[in-house]
Amino acid sequence: MKIETYLFKDDGLIPNSKYPLIIYKNAFSKRGKEAGSWLEKHFESNNWTNSWRNGVFSYHHYHSISHEVLGIYEGSATLFLGGEKGQKLLVSAGDIIVIPAGVGHKNLGSSNDFKVIGAYPNGMDYDILRGKPEERKQADQNIENVPFPDSDPFLGKSEGLRTLWSKIR
């Protein structure tokens, strides 16, 4: 497994975050329904719940009231992360992406079999903001108030975001 981190600056529309986005490349080898169930259970064991199965929206969006994890269990996609001034990255089955509150994400195109499990720390709810100017003031306040997660969705209580993000708190 390789750990990659990406830090995106506020672009005026997408606030992004002081915390880096984390990608665990090739973090797991299971595929298909078995992998989807495994991811849900693994995330849940680290208290990342309120999970869903689907894909990634094809428009820039972010969440202001929660961090998010995406586990890719089939296929691949090119994601545009961090808004229009961000970075285009290829993600594929076996990758886990930890997206801090405020970080933009968009699906630029995916394979027909692209499947994702998403979840949130402590089962938090989420919102979907698109970077509209009228959203920004409340979004900034929301992001500032998002609690620091008790655990990393993949590596648990003592590694991953717990060490990478703690340096920034």
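Before reading further, recall that the structure is shown in the block above.
What comes next concerns the included structure.

### Comments concerning the overall build of the protein
Secondary structure summary: the protein contains three helices and nine strands in total. Ordering the α and β elements of the protein from the N terminus gives β-β-α-β-β-β-β-β-β-β-α-α. Its C-alpha radius of gyration of 15 Å places the protein within 12% of the 15 Å reference for a compact globule of 169 residues. Across the 169 residues of the protein, 53% fall into the buried class. Put simply, 74% of the contacts in the protein that link residues at least 6 apart link residues at least 24 apart. Roughly 8,100 Å² of accessible area belongs to the protein as shown, and the carbon and sulfur atoms make up 46% of that amount. Each charge class in the protein was averaged separately, 21 positive and 20 negative side chains, and the resulting centres sit 3 Å apart.

### Focus on unusual backbone geometry
Of all residues except glycine, most have a negative phi; of all peptide bonds, most are trans. Of note, the phi angle at N47 is positive, near 65 degrees, even though the residue is not glycine. Mapped onto the secondary structure, N47 falls in the loop between α1 (32–45) and β3 (48–54). Assessed through its relative accessible area of 35%, N47 is described here as partly exposed. Its identity as a non-glycine residue notwithstanding, N50 has a phi of 55 degrees, on the positive side. Mapped onto the elements, N50 comes out in strand β3. Here N50 falls in the partly exposed class, since its relative accessible area comes to 34%.

### Focus on the nonpolar core
Core analysis: the largest hydrophobic core is formed by 20 residues, its most contacted members being L21, I23, L70, L79, V91, I97 and V116. Of all the secondary structure elements, the ones that give two or more residues to this core are β2 (21–25), β4 (68–74), β5 (76–81), β6 (87–92), β7 (96–99) and β9 (115–121). Per-element accounting of this core gives the leading share, three residues, to β5. Every residue in contact with I23, bar those within four places of it in the chain, is listed here: K2, I3, E4, Y6, L89, V91, I96 and I97. In terms of nonpolar packing, the next biggest core, distinct from the first, is built from 19 residues, Y19, A27, F28 and V98 among them.

Rules and cut-offs
Residues numbered from 1 in each chain as written. Predicted model: local features only at pLDDT ≥ 70, side-chain atom pairs only at ≥ 80, totals over all residues. Heavy atoms only, no water. Helix = DSSP H or I, 4+ residues; strand = E, 2+ residues; numbered from the N terminus. Rg over C-alpha atoms; globule rule 2.2 N^0.38 Å. Buried < 20%, exposed > 50% of the residue type's maximum accessible area, 1.4 Å probe, protein only. Contact = heavy atoms within 4.5 Å. Areas by Shrake-Rupley, 256 points an atom, 1.4 Å probe, with all protein chains shown as cover. Lys, Arg positive; Asp, Glu negative; His and termini not counted. Charge placed at Lys NZ, Arg CZ, Asp CG, Glu CD. Core = buried A, V, L, I, M, F, W, Y, C linked by side-chain atoms within 4.5 Å.

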